[in-house]
Amino acid sequence: MEVDKYEKVWMSVTAVFLAFAAGTLIWSVVAHRASLPEPAGRIDPELVRETAPFDTPGLIQTGDNTYDLVYIAQAWQWTPQTVTVPKDAEITIKATTVDVLHGMKITDTNVNVMMIPGQISEVTDLVFDEAGTYQLVCHEYCGIQHHLMGAEIIVE
Ligand code: CUA
């Protein structure tokens, strides 16, 4: 079989690129322990409201300047709907869903996490360094009123 000279060149370029891509992937897994995200914990979706810390959703102080911010997602609202948190506090968000998939996006932050039935999602080292009102929106289609599923975080 005769292969054209230019075809050979492009096949070689492709092979080099694939080898480079595979090499960087292996390097990131071996040298930097890159892995897929894992849930922070498991929970029975039917027992969420009786299971700590989801039995008391909202802001829970855990130290001098550290807080857990606990959320329950349910079509089509967040609990709590409004919460006030101190500026510059170190916050850990713990969230789960009692029904279907939801997504949590907090405006003007890099918080962007999925709520998956049976799993606990966690966001660590969150600091609001500017006072104001932040919108928490659902970014995963969860039914006919998905677009109304929002909440507010007031930072002061
Ligand atoms: Cu919850 Cu979309």
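First, a word on what this report is: a plain description of the structure on this page. Numbering of residues starts from 1 in every chain and runs along the sequence as written. The predicted origin of the model limits local features to residues at a pLDDT of at least 70 and limits the giving and counting of side-chain atom pairs to 80 or more, whereas totals for whole chains, interfaces and linings rest on all residues. For the side-chain quantities, the full set of heavy atoms in the structure was used; hydrogens and water were omitted.

As for the nonpolar core
Side-chain atoms within 4.5 Å link the members of a nonpolar core, which is a set of buried Ala, Val, Leu, Ile, Met, Phe, Trp, Tyr and Cys residues. Exposure classes here rest on a 1.4 Å probe applied to the protein chains alone. A residue is buried below 20% of its type maximum, exposed above 50%, and partly exposed in between. By size, the foremost hydrophobic cluster in this structure holds 27 residues, and its most contacted members are Tyr71, Trp78, Ile93, Met104 and Ile153. For the purposes of this entry, the term helix denotes a DSSP run of H or I that reaches at least four residues, the term strand denotes a run of E that reaches at least two, and both are numbered from the N terminus. Secondary structure elements with two or more residues in this core: strand S3 (66–74), strand S5 (82–85), strand S6 (90–97), strand S7 (102–106), strand S8 (112–115), strand S9 (119–126), strand S10 (132–138) and strand S11 (150–155). Sort the elements by how many residues they give to this core and S3 lands first, with four residues. Sequence-distant contacts of Ile93, that is, excluding residues within four places in its chain, are made with Leu69, Tyr71, Met104, Ile106, Val111, Ser121, Glu122, Val123 and Leu126. Among the nonpolar cores identified, the runner-up in size contains six residues, and Ile43, Val48, Phe54 and Ile72 belong to it. Only heavy atoms enter the contact rule, under which two residues are in contact if any of them lie within 4.5 Å.

Considerations on a nonpolar patch on the surface
A contiguous nonpolar surface patch, about 460 Å² in accessible area, is contributed by Tyr6, Val9, Trp10 and Val13. Looking at the secondary structure, you find Tyr6 in helix H1 (residues 5–32). The class for Tyr6 is exposed, based on a relative accessible area of 57%. Distance thresholds for patches are 9 Å for like charges and 5 Å for nonpolar side chains (Val, Leu, Ile, Met, Phe, Trp, Tyr), applied to residues having over 30% relative accessible area and no salt bridge. Methods summary: accessible areas were calculated by the Shrake-Rupley approach with a probe of 1.4 Å, and residue burial reflects only the protein chains presented. Every case where a carboxyl oxygen of Asp or Glu lies within 4 Å of a side-chain nitrogen of Lys or Arg is listed as a salt bridge.

Regarding the sheet that holds S7
Backbone hydrogen bonds hold the strands of a sheet together, and the pairing may be parallel or antiparallel. As summarised here, the arrangement of the five strands in space is S5-S11-S10-S7-S8, forming an open sheet in which the pairing is mixed. Both edges of this open sheet fall to S5 and S8, since each of them pairs with a single strand only. Across the sheet, the mean angle from the axis of one strand to that of its neighbour is 20°, orientation sign disregarded. Paired strands, as defined in this entry, are two strands with at least two bridges between them according to DSSP. Pairing between S7 and S8: four bridges, direction antiparallel. With axes taken as lines fitted to C-alpha atoms, and helix axes fitted only over the stretch in contact, angles between N-to-C directions fall between 0 and 180 degrees.

So, unusual backbone geometry
In this chain, Ala52 is followed by Pro53 through a cis amide linkage whose omega measures 0°. The peptide bond linking Ala75 to Trp76 adopts the cis configuration, its omega dihedral lying at 0°. When you line up the elements, Trp76 lands in the loop between S3 and strand S4 (77–79). Positive phi is not limited to glycine here, since Arg33 has a value of about 50°. Topologically, Arg33 is positioned in the loop between H1 and strand S1 (41–42). We classify Arg33 as exposed; its relative accessible area is 74%. At Asp108, a residue that is not glycine, the phi angle is positive and equals roughly 60°. For Asp108, the position within the fold is in the loop between S7 and S8.

Side note on the side chain of Thr97
Tracing the backbone shows Thr97 in strand S6. You can call Thr97 buried: its relative accessible area is 0%. Of the polar contacts made by the side chain of Thr97, one reaches the backbone oxygen of Ala73; its length is 3.5 Å. Whenever a nitrogen or oxygen atom comes within 3.5 Å of another N or O atom, the pair is scored as a polar contact, on the condition that within protein one atom can donate a hydrogen and the other can accept it, and that pairs from neighbouring residues in sequence are kept only if both atoms are in side chains. Reaching out from Thr97, the side chain makes a polar contact with the backbone oxygen of Val100 at a distance of 2.8 Å.

What about the side chain of Gln119?
Along the polypeptide, Gln119 turns up in strand S9. Beyond its immediate stretch of four places on either side in the chain, Gln119 contacts Pro39, Gly41, Arg42, Ile43, Ala95 and Thr96.

Considering the pattern of salt bridges
Under the defined criterion, the tally for this structure stands at two salt bridges. The closest approach of N and O atoms between Lys94 and Asp68, which form a salt bridge, is 3.3 Å. Within this pair, whereas Lys94 is found in strand S6, its partner Asp68 is found in strand S3, the two being separated by 26 residues in sequence. The partly exposed category is assigned to Lys94, whose relative accessible area is 21%. On the basis of relative accessible area, Asp68 is assigned to the buried category, the value being 14%.

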